Amino acid sequence: MPPITALLQTHNDAHQLGRALESLRPCDEILIVDHGSTDSTLRIAREYGASIRNAPLNTSINDHMAHARHEWIFCLLPSETLTESLEASLFEWKLHTRGGVADIPSGSVTVKGEGRKSGAQAVTSTRLVPKSWSLWDGPLPRQDPRSVLLQGDLLRFAPAPR
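Residue indices follow the written sequence of each chain, beginning from 1 at its first position. Reporting in this predicted model follows two pLDDT cut-offs: at least 70 for local features of residues, and 80 or more for side-chain atom pairs to be given and counted; totals over whole chains, interfaces and linings ignore these cut-offs and use all residues. Note: side-chain values were computed over all heavy atoms of the structure, leaving out hydrogens and water.

Colleague: Can you walk me through the side chain of Thr41 in this structure?
Modeller: Turning to its location among the elements, Thr41 is positioned in helix 2 (residues 41-47). There is a polar contact of 3.0 Å between the side chain of Thr41 and the backbone nitrogen of Ala14. We call two residues contacting when some pair of their heavy atoms lies within 4.5 Å. Apart from residues lying up to four places away in sequence, Thr41 is in contact with Thr10, Asn12, Asp13, Ala14, Leu17 and Asp34. Working definition: helices are DSSP H or I runs of at least four residues, strands are E runs of at least two. Numbering for both runs from the N terminus. Polar contacts here mean pairs of N or O atoms no more than 3.5 Å apart (in protein, one a potential hydrogen donor and the other a potential acceptor; neighbouring residues in sequence count only if both atoms are side-chain atoms).

Colleague: Mind showing me how you'd approach the packing of aromatic side chains here?
Modeller: Working definition: an aromatic ring pair is given by the centre-to-centre distance plus the angle between the planes. Here a pair means two rings of Phe, Tyr or Trp (six-membered ring of Trp) with centres within 6.5 Å. Their orientation is stacked below 30 degrees between planes, edge-to-face above 60, and tilted elsewhere. One pass over the structure, following the stated rule, counts 1 aromatic pair. Between Trp72 and Trp93 the ring centres are 5.2 Å apart and the planes differ by 75°, which places this aromatic pair in the edge-to-face class. Taken as a pair, Trp72 in strand 4 (residues 72-75) and Trp93 in helix 4 (residues 84-95) lie far apart in primary sequence, 21 residues in all. The burial state of Trp72 is the same as that of Trp93; both residues are buried. By definition here, charges over rings are those cases where NZ of Lys or CZ of Arg is within 6 Å of the ring centre and within 35 degrees of the ring normal. Stacked on the ring of Phe157, the Lys or Arg Arg19 has its end atom at 3.7 Å from the ring centre. Summary of the burial criterion: residues with accessible area below 20% of their type's maximum are buried, those above 50% are exposed, and those between are partly exposed, where the area comes from a 1.4 Å probe applied to protein chains only.

Colleague: What is the right way to read the environment of Gly138 from this model?
Modeller: Secondary-structure assignment places Gly138 in the loop between strand 8 (136-137) and strand 9 (140-141). Gly138 sits 78 residues away from Ser60 along the chain, and the two C-alpha atoms are 9.0 Å apart.

Colleague: What's the story with the pairing of strand 3 (residues 51-54) in this structure? I'm lost.
Modeller: The side chains of a regular strand alternate, first on one face of the sheet and then on the other. Pairing analysis gives 4 bridges linking strand 2 (residues 29-34) to strand 3, with the strands arranged parallel. Bridge pairing in strand 3 places Asp34 opposite Asn54. With helix 2 bridging strand 2 and the parallel strand 3, this β-α-β connection has right-handed handedness. Strands are treated as partners if at least two bridges between them are detected by DSSP. We call a crossover right-handed when, viewed with the strands running away from us, the connection from the first strand over the helix to the second turns clockwise.

Such coordinate-based values are descriptive only and should not be taken to indicate function.
As structure tokens, then:
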């Protein structure tokens, strides 16, 4: 089974981070790249056993990928959480990957907004990428048209007021 590192970038996200970290059961490592949090973000990350890297806001994500212990990275925002069906899909993917070597270029998920106006659009987003990935749109991987769609959803919650 290929192990997965979960990668989240944070900045004063204590109010929503626990929900995201709670859903990362399929991941074998949690790597937090923190951009100067002054709230309890880092304490919460440590409670979930996360490795923490401190970084200025405009640092290249590739600089942090080198610190991931595993060859597959699952990227998400602190305001997002995996559904149980997405958790199951990631476990299945790990089980059926031959010899720890995946035969897909990347994996995509359906991202759905929660707590927003009805009719909010669901979007497909590449989130499971190899450690060597170099195409980024901010904190998330750039959409890969060759990506395999994983079953289940990633729920994005509206950020709480700070």
